[in-house]
Amino acid sequence: MEAKTQAVSPTILHQFPQMVNQLSHLVFNLDTKSISQEDLQTLQRTIVDIQNAIHALNQPAIRIVVDKIYQLIHKNIGTKHKSLSRNAINTLQSQVDMLRQVTQIHLETDIPQTSHESTQKLHHLIIGLHDKQLVEEIINQVKYFNYTSSSCESLEEIIELINHHPPNSYHAILLDTEFCTNKDPSLIKPLSEKVPILFVSFDNRVATRLFAVRAGGSAYLVRPVEFTHLIEKIDHIALNQNEITPYRILIVEDSRTQAKFIQQQLENAGMITEAINNPMEINKILQEFQPELILMDLYMPECSGFELTKMIRQQEPYMSIPIVYLSAEADLDKQLKAIKLGGDDFLTKPMEPEHLVLAIQARADRARTLRAEMIQDSLTGLLNHTRILEQLDLEIARAKRNHLPLSFAMIDIDYFKAINDNHGHPIGDRVIKGLARLLKQRLRKTDSIGRYGGEEFAIILPQTDRTVILPLIEDIRKGFSKLLHQSSDPLVEFTATVSCGLAEFTATNNTVGKLVQAADKALYAAKDQGRNCVVLDSE
Ligand SMILES: Nc1nc2c(ncn2[C@@H]2O[C@H](COP(=O)(O)OP(=O)(O)OP(=O)(O)O)[C@@H](O)[C@H]2O)c(=O)[nH]1
């Protein structure tokens, strides 16, 4: 168990989340174009303060992440106050996100309120499409999903735009295949290496699709394009590896040099690692670090990787962590034995660093996906009914303990039966997905979003009171009502609306049942008032 921090230092315990919040604001407001020397110095001062504080708090799990951020800042800025690259900023932002998460988990306290606006990162699109009406529609629609767009008239204009901006200024290109008529794919390929390209075309012929592949296209959509589908594809290609919460990898390896080398490779690829040289420390590190994958040596002085794997597998919480062996053992029988004892895979040394990174990323990603499957709603990827209620229970306990506000919202799509009846069930599903997507975009990472029922959503907003939730949900309601959905007939588009019921955690609304009931009552009132509106429970 973690040490009881309250006994250590109540002042630092109180200040720590605020310091993390300050760091978070600094890092999320960094912009490659306008970083001043003062920004860099403030960043350095803040991380040093955080590092001093965490040493006083005796919280190893948080310290690991703080040290990583310190090293990153130190490495990139150093004493000469160099500027920060976009890549360095991206990595810093993911690590700071991680710090917010571990602080919340281990200190059991929330980071002070961050505005719902400030954590949203804008992404920039380049649109190169002939159809001006479609361009206008896309520009209008994507802004609800935090994208800004620049429209270009030709491939040459796109190339110029990209060459005149620092790397990573743009996150995706939507490109008409017609812009590429008579062009050599090798001309476009270098562009796709800088910014991912999503081809949009009326042309579904193999030859054109092959052209797009050769030009380095990451995706290909045949028109007419359904907007929700388009935004899903853009998200998929535009949100790069750095914006995925880093994988946490534990390395069990008796050679310190080997361990350090592997750590470096994985960290360069954006993962968070911890290494132990003594396998006897395994349980402590499993509990503190909560790895998503273990990279295990086979032969160590204290015990073998076989034994350690079996021991890990006998502990319920760690039964499903992927264990990958990394060993020079070439005997197939021994490799198979290792897998039979509970290992998931065998990688043979020596291994090229990039192969190691790819193999680990793929396995960690799959493990994360499988875990998510267990708690997520399959249509939207949001928390399922049971999990959102469990989360509400946790958040109520936390709000009580820390005397913090908490809000809960129920959102229901209006006249959804008519949408299904008029446009068909699959189109109804897309409307549900569109709302899920919008909620994910507009809410903070610390908020929880669940699909409560068919077309009903539940949202938990920690550290949020009525003054924040009311305008926020009102804004989401308005945004959703402006989204265009395409019917099965490509020429028919329609809009949909939502009704929202809000409730606040109070002395009386203080259990899961009571909060849900209060929000539900407010939702009914919203439906009664004619729908497409937000009602706050009056108790
Ligand atoms: N497409 C689709 N439809 C669903 C799903 N789950 C539930 N539904 C349908 O959603 C409809 C909900 O209809 P009602 O509860 O009558 O409510 P409504 O038509 O939205 O009317 P109001 O809520 O009063 O505005 C039902 O017809 C369900 O069959 C789903 O996952 N996909």
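Position numbers for residues start from 1 in each chain and track the written sequence from start to end. The predicted nature of this model means local features are confined to residues of pLDDT at least 70 and side-chain atom pairs, given and counted, to a pLDDT of 80 or more, with totals for whole chains, interfaces and linings taken over all residues. Only hydrogens and water are removed before side-chain values are computed, so all heavy atoms of the structure are retained for them.

## Description of the sheet that holds strand β3 (residues 172–176)
Across a sheet, paired strands are connected by hydrogen bonds in the backbone, their directions being either parallel or antiparallel.
Logical step 1: Only when DSSP finds a minimum of two bridges between them are two strands counted as paired. By the criteria applied, helices consist of DSSP H or I runs no shorter than four residues and strands consist of E runs no shorter than two, each listed in order from the N terminus. With respect to topology, 5 strands assemble into an open sheet ordered β2-β1-β3-β4-β5, the strand pairing being parallel. Taken across any chain shown, the strands that pair with only one partner, and hence form the sheet edges, are β2 (147–151) and β5 (219–222). Across the sheet, the axes of successive neighbouring strands diverge by a mean angle of 20 degrees, strand direction being ignored.
Logical step 2: Two strands pair when backbone bridges link them, and strand β4 (residues 197–201) and β5 are joined in this way by 4 bridges, in the parallel orientation. Opposite S201, over in β5, you have V222 as the bridge partner.
Logical step 3: The contact criterion used throughout is that any non-hydrogen atoms of two residues lie within 4.5 Å. Think of each axis as a best-fit line through the C-alpha atoms, taken over the contacting stretch in the case of a helix, with angles from 0 to 180 degrees between the N-to-C directions. Strands in contact with helix α6 (residues 132–142) are β1 (123–128), β2 and β3; relative to β2, the strand with the most contacts, it is inclined by about 160 degrees.

## Digging into the environment of Q287
Logical step 1: Residue placement: Q287 occurs in helix α12 (residues 282–289).
Logical step 2: For Q287, a relative accessible area of 37% corresponds to the partly exposed category.
Logical step 3: For the pair Q287 and P317, spaced 30 residues apart in sequence, the C-alpha to C-alpha distance is 9.5 Å. Exposure classes here rest on a 1.4 Å probe applied to the protein chains alone. A residue is buried below 20% of its type maximum, exposed above 50%, and partly exposed in between.

## Re the site of the ligand
Logical step 1: Neighbouring residues are identified by heavy atoms, a residue being near a molecule or strand if any of them is within 4 Å of it. Among the 16 residues in the neighbourhood of the ligand, the closest are listed as F416, N420, D429, R451 and R531.
Logical step 2: In protein, a polar contact requires one atom able to donate a hydrogen and another able to accept it; more generally it is a pair of N or O atoms within 3.5 Å, and residues adjacent in sequence count only if both atoms are side-chain atoms. Here I413 contributes a backbone N or O atom positioned 3.2 Å from an oxygen atom of the ligand.
Logical step 3: Interatomic distance of 2.8 Å between a side-chain N/O atom of K527 and an oxygen atom of the ligand.
Logical step 4: Within the residue set of the shell around the ligand, elements represented by two or more residues are β11 (406–413), α17 (416–423) and α18 (425–442).
Logical step 5: When residues of the shell around the ligand are assigned to their parent elements, the largest contribution, 4 residues, is made by α18.
Logical step 6: Tallied by class, residues from the shell around the ligand come to 4 nonpolar, 4 polar and 8 charged. Three classes are used: nonpolar for Ala, Val, Leu, Ile, Met, Phe, Trp, Tyr, Cys and Pro, charged for Asp, Glu, Lys and Arg, and polar for all others, with Gly counted as polar.

## A short note on the environment of I360
Logical step 1: Among the secondary structure elements, I360 is positioned in helix α15 (residues 353–375).
Logical step 2: Residues I360 and L293, spaced 67 residues apart in sequence, show a C-alpha to C-alpha distance of 8.1 Å.
Logical step 3: Those residues in contact with I360, other than ones at most four positions away along the chain, are I249, L266, M271, L293, L295 and L347.

## Concerning the UniProt feature "modified residue: 4-aspartylphosphate" (unreviewed entry) in the protein chain
Logical step 1: Within the UniProt annotation, "modified residue: 4-aspartylphosphate" (unreviewed entry) is assigned to D176 and D297.
Logical step 2: Among the structural elements, D176 can be located in strand β3.
Logical step 3: Inspection of the secondary structure assignment puts D297 in the loop between β8 (293–296) and α13 (305–313).
Logical step 4: Residue D297 is classed as buried on the basis of its relative accessible area, which comes to 7%.
Logical step 5: When near neighbours in sequence (up to four residues on either side) are disregarded, D297 contacts V252, E253, D254, G305, L326 and K349. UniProt positions are given in the numbering used here, feature names are shortened, and annotations may be inferred rather than shown by experiment.

## Let's talk about the packing of helix α10 (residues 227–238) against α18
Logical step 1: Across the interface, α10 lies against α18 with an axial gap of 10 Å and an inter-helix angle of 40 degrees. Of the possible angle classes, the one that applies to α10 and α18 is oblique. Here α10 and α18 pass one another in a crossing that is left-handed. Across from T228, I231, E232 and D235 in α10, the residues of α18 making contact are R430, K433, G434, R437 and Q441.
Logical step 2: Its residues placed into classes, the contact of α10 with α18 shows 1 nonpolar, 3 polar and 5 charged. When an angle is under 35 degrees it counts as roughly parallel; over 145 it counts as roughly antiparallel; between 65 and 115 it counts as roughly perpendicular; any other value is oblique. Each helix crossing is assigned a hand: it is left-handed if the near helix lies turned anticlockwise from the far helix by less than a right angle, otherwise right-handed if that turn is clockwise.

## Here we look at helix α7 (residues 155–163)
Logical step 1: Among the residues of α7, L155, I158 and I162 are the ones counted as buried. The buried residues of α7 occupy one face: seen down the axis, they fall within an arc of 60 degrees.
Logical step 2: For α7, the elements touching its buried residues are β1, β3 and α8 (185–194). The reported arc concerns the directions from the helix axis to the C-beta atoms and nothing else.

## Quick word on the sheet that holds strand β6 (residues 248–252)
Logical step 1: Overall, parallel pairing links the 5 strands, which are arranged β7-β6-β8-β9-β10 in an open sheet. Each edge of the open sheet is held by one strand with a lone partner, namely β7 (272–276) and β10 (345–348). The mean inter-strand angle of the sheet, taken between neighbouring strand axes irrespective of direction, is 20 degrees.
Logical step 2: Both β6 and β8 contribute to a ladder of 4 bridges, which runs parallel. Counted as the bridge partner of V252 is M296 from β8.
Logical step 3: Contacts between α12 and the sheet are confined to β6, β7 and β8, with β6 contributing the most and set at about 170 degrees to the helix.
Logical step 4: Contacts from α13 reach β6, β8 and β9 (323–327), with the element oriented near 170 degrees to β9.

## A few points about the layout of surface pockets
Logical step 1: Of the grid points, spaced at 1 Å and generated over the protein atoms alone, those admitting a 1.4 Å probe that cannot get out make up cavities, while open sets with protein on both sides within 12 Å along at least five of seven lines make up pockets; any residue with an atom within 4 Å of a point is treated as lining. Grid points are joined across faces, edges and corners, and a volume is the space filled by probe spheres set on the points. By volume, the second largest pocket amounts to about 930 Å³.
Logical step 2: Every residue lining the second largest pocket is counted, 34 residues in all, and those nearest its centre are K68, Q71, Q263, E267 and T273.
Logical step 3: If you list the elements that add at least two residues to the lining of the second largest pocket, you get α4 (60–77), α5 (86–107), α11 (256–268), β7 and α12.
Logical step 4: Of the residues in the lining of the second largest pocket, the class split is 10 nonpolar, 13 polar and 11 charged.
Logical step 5: Segment limits for the domains were obtained from an automatic or database-derived domain assignment. When we break the lining of the second largest pocket down by domain, the ones giving at least three residues each are domain 1 (5–107) and domain 3 (250–375).

## Notes on the pattern of salt bridges
Logical step 1: Between Lys or Arg on one side and Asp or Glu on the other, a salt bridge is scored when a side-chain nitrogen of the former is within 4 Å of a carboxyl oxygen of the latter. Taken as a whole and assessed by the stated rule, the structure comprises 20 salt bridges.
Logical step 2: Its salt-bridge partner being K349, residue E253 comes within 3.3 Å of it at the nearest N-O pair. One end of the pair, E253, is in the loop between β6 and α11; the other, K349, is in the loop between β10 and α15, and 96 residues separate them in sequence.
Logical step 3: Ionic pairing is found between R477 and E474, a salt bridge with its closest N-O pair at 2.5 Å. Of the two residues, R477 and E474 both sit in helix α19 (residues 466–482), 3 residues apart, roughly one turn of that helix.
Logical step 4: By sharing partners, the salt bridges in this structure join D412, D414 and K527 into a single network.

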